[in-house]
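Residue-level listing of the chains:
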Amino acid sequence: MTDKRWTKANILGCMIDLVTMEEALEVIEEIINKRKPSHIITLNAEIVYSALNDQILREIINTAQLVTADGIGIVWGARRLGYKIKDRVTGIDMVHQLCRIASVKGWKIFFFGAAPGVADLAAQKLSMQYHGLKVCGCRDGYFNDQEIEKIIEDIEEQSPDILLVALGAPKQEIFINKYKNLLGVPACLGVGGSFDVLSGKKLRAPQFFIKFNLEWLYRLLSEPSRFRRQLSLPKFALKILKKKYFGR
Ligand code: UDP
């Protein structure tokens, strides 16, 4: 989104809006009021690293209406490159904030993604926390190509104001980019593994890890299978340092 209210950071070719959570929520409210289908991405270093060699993914990121810094890697990288960035704006925190505001404003939310039953459970838990929350639909994220048309019809029929897509990145970003205009939903957000945590199926990192920006370490310790994916983090850091000291 081109907006003079804040700067954009160029992190290895991906443009990131240096917004606070409050600013991000204001933008989303504007998007919902205007009703123009929009893509909101909470970006992490793994995805930026994948986008280095994936022009299509880079274009998806750079044409999204709002891109926030989800991971500490992005915040670290932005600071190394000289940008002023206050804090992370994570997908899971954004879901909480949006549910809080939606319960007051009457916005409808559709939960799409994660294993069967998980989206329903996350929606139930959030409805208990934010009274009056209008959940207009839930659907798991395991489907084949033949089912996509029906999924789109179901979402469209409920006309949500917000669509949370928890298919993991970059799958969710590709889905939103491809179908947002057909769906006609104003605020489409990729929220990664958030439903797993919101439903209680997985634990979010304890406060210690969050406070010291070590959520990535907690995820690695609790899910060692992520090791391969997380190998991109040191490579991302090297690229940032190369950019800082050698300009390339
Ligand atoms: N997922 C899904 N459909 C798929 C693949 C993954 O719904 O085809 C879900 C998966 O069940 C999990 C989420 O997407 O809930 C991905 O979580 P992960 O923590 O890997 O995502 P990240 O936050 O790292 O993007």
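Scroll up for the structure.
Procedures and definitions
Residues numbered from 1 in each chain as written. Predicted model: local features only at pLDDT ≥ 70, side-chain atom pairs only at ≥ 80, totals over all residues. Heavy atoms only, no water. Axes fitted to C-alpha atoms, helices over the stretch in contact; angles between N-to-C directions. Helix = DSSP H or I, 4+ residues; strand = E, 2+ residues; numbered from the N terminus. Parallel < 35°, antiparallel > 145°, perpendicular 65-115°, else oblique. Left-handed = near helix turned anticlockwise from the far one by under 90°. Contact = heavy atoms within 4.5 Å. Nonpolar A, V, L, I, M, F, W, Y, C, P; charged D, E, K, R; others polar. Phe/Tyr/Trp six-rings, centres within 6.5 Å; stacked < 30°, edge-to-face > 60°. Buried < 20%, exposed > 50% of the residue type's maximum accessible area, 1.4 Å probe, protein only. Patch = residues over 30% accessible without salt bridge, like charges linked within 9 Å, V, L, I, M, F, W, Y side chains within 5 Å. Areas by Shrake-Rupley, 256 points an atom, 1.4 Å probe, with all protein chains shown as cover. Salt bridge = Lys/Arg side-chain N within 4 Å of Asp/Glu carboxyl O. Lys, Arg positive; Asp, Glu negative; His and termini not counted. Charge placed at Lys NZ, Arg CZ, Asp CG, Glu CD. Near = heavy atom within 4 Å. Polar contact = N/O pair within 3.5 Å; in protein donor to acceptor, adjacent residues only side chain to side chain.

With that settled, the discussion passes to the packing of helix H2 (residues 45-52) against helix H13 (residues 232-246). The geometry of H2 relative to H13 is characterised by a closest axis approach of 9 Å and an angle of 70 degrees between their N-to-C directions. Regarding the angle of H2 to H13, the classification is roughly perpendicular. Here the hand of the crossing between H2 and H13 comes out left-handed. Each of Ala 45, Glu 46, Val 48, Tyr 49 and Leu 52 in H2 lies in contact with H13, whose residues at this interface are Ser 232, Leu 233, Lys 235, Phe 236 and Lys 239. Residue classes in the contact of H2 with H13 are distributed as six nonpolar, one polar and three charged.

Tallied over the entire structure, the rule returns eight aromatic pairs. Centre to centre, the rings of Phe 111 and Phe 195 are 5.4 Å apart; their planes meet at 40 degrees, and the pair counts as tilted. With a gap of 84 residues between them, Phe 111 in strand E5 (residues 108-113) and Phe 195 in helix H9 (residues 194-198) connect regions that are remote in the sequence. Between Phe 208 and Phe 209, the ring centres sit 5.5 Å apart and the planes meet at 90 degrees, which makes this aromatic pair edge-to-face.

Right, let's get into unusual backbone geometry. Leaving glycine out, the prevailing phi sign among residues is negative, and the prevailing peptide bond configuration is trans. That bond from Ala 169 to Pro 170 is cis: its omega, 5 degrees, falls within 30 degrees of zero. Relative to the helices and strands, Pro 170 resides in the loop between strand E7 (162-166) and helix H8 (171-183). Positioned with a positive phi, Ser 159 is a non-glycine residue whose angle comes to about 30 degrees. Inspection of the secondary structure assignment puts Ser 159 in the loop between helix H7 (148-158) and E7. A positive phi angle is found at Asn 213, which is not glycine, with a value near 55 degrees. By secondary structure assignment, the location of Asn 213 is in the loop between helix H10 (207-211) and helix H11 (215-222). In this structure Asn 213 comes out as partly exposed when scored by relative accessible area, which is 31%.

Okay, a negative patch on the surface next. A cluster of acidic residues, Glu 149, Glu 153, Glu 156 and Glu 157, forms a negative patch on the protein surface. One can find Glu 149 in helix H7. A relative accessible area of 58% places Glu 149 in the exposed class.

Attention now goes to the site of the ligand. Around the ligand, the surrounding shell holds 16 residues, and the nearest of these are Ala 114, Gly 141, Lys 171, Asp 196 and Arg 219. Backbone polar atom of Ala 166 to an oxygen atom of the ligand: 3.2 Å apart, as the coordinates give it. Between Arg 219 and the ligand, the recorded distance is 2.5 Å, taken from a side-chain N or O atom to an oxygen atom. Summarising the interface, the protein chains cover 81% of the accessible area of the ligand, which totals 550 Å² for the free molecule.

Turning to the side chain of Ser 103, a few remarks are in order. Residue position: Ser 103 is located in helix H5 (residues 91-105). By relative accessible area, Ser 103 is classed as buried at 19%.

With that settled, the discussion passes to the pattern of salt bridges. By the definition in use, this model includes 14 salt bridges. The partner of Glu 215 in a salt bridge is Arg 88, with the nearest N and O atoms 2.5 Å apart. Residue Glu 215 is found in helix H11, and its partner Arg 88 is found in the loop between helix H4 (72-80) and H5; the two are separated by 127 residues along the sequence. Here the two residues Glu 215 and Arg 88 agree in accessibility, since each one is buried. Across the salt bridge formed by Asp 140 and Arg 139, the nearest N and O atoms sit 3.8 Å from each other. On the basis of relative accessibility, which here comes to 18%, the residue Asp 140 falls in the buried class. Here the salt bridges share partners, and the residues they tie into one network are Arg 88, Asp 93, Arg 204 and Glu 215.

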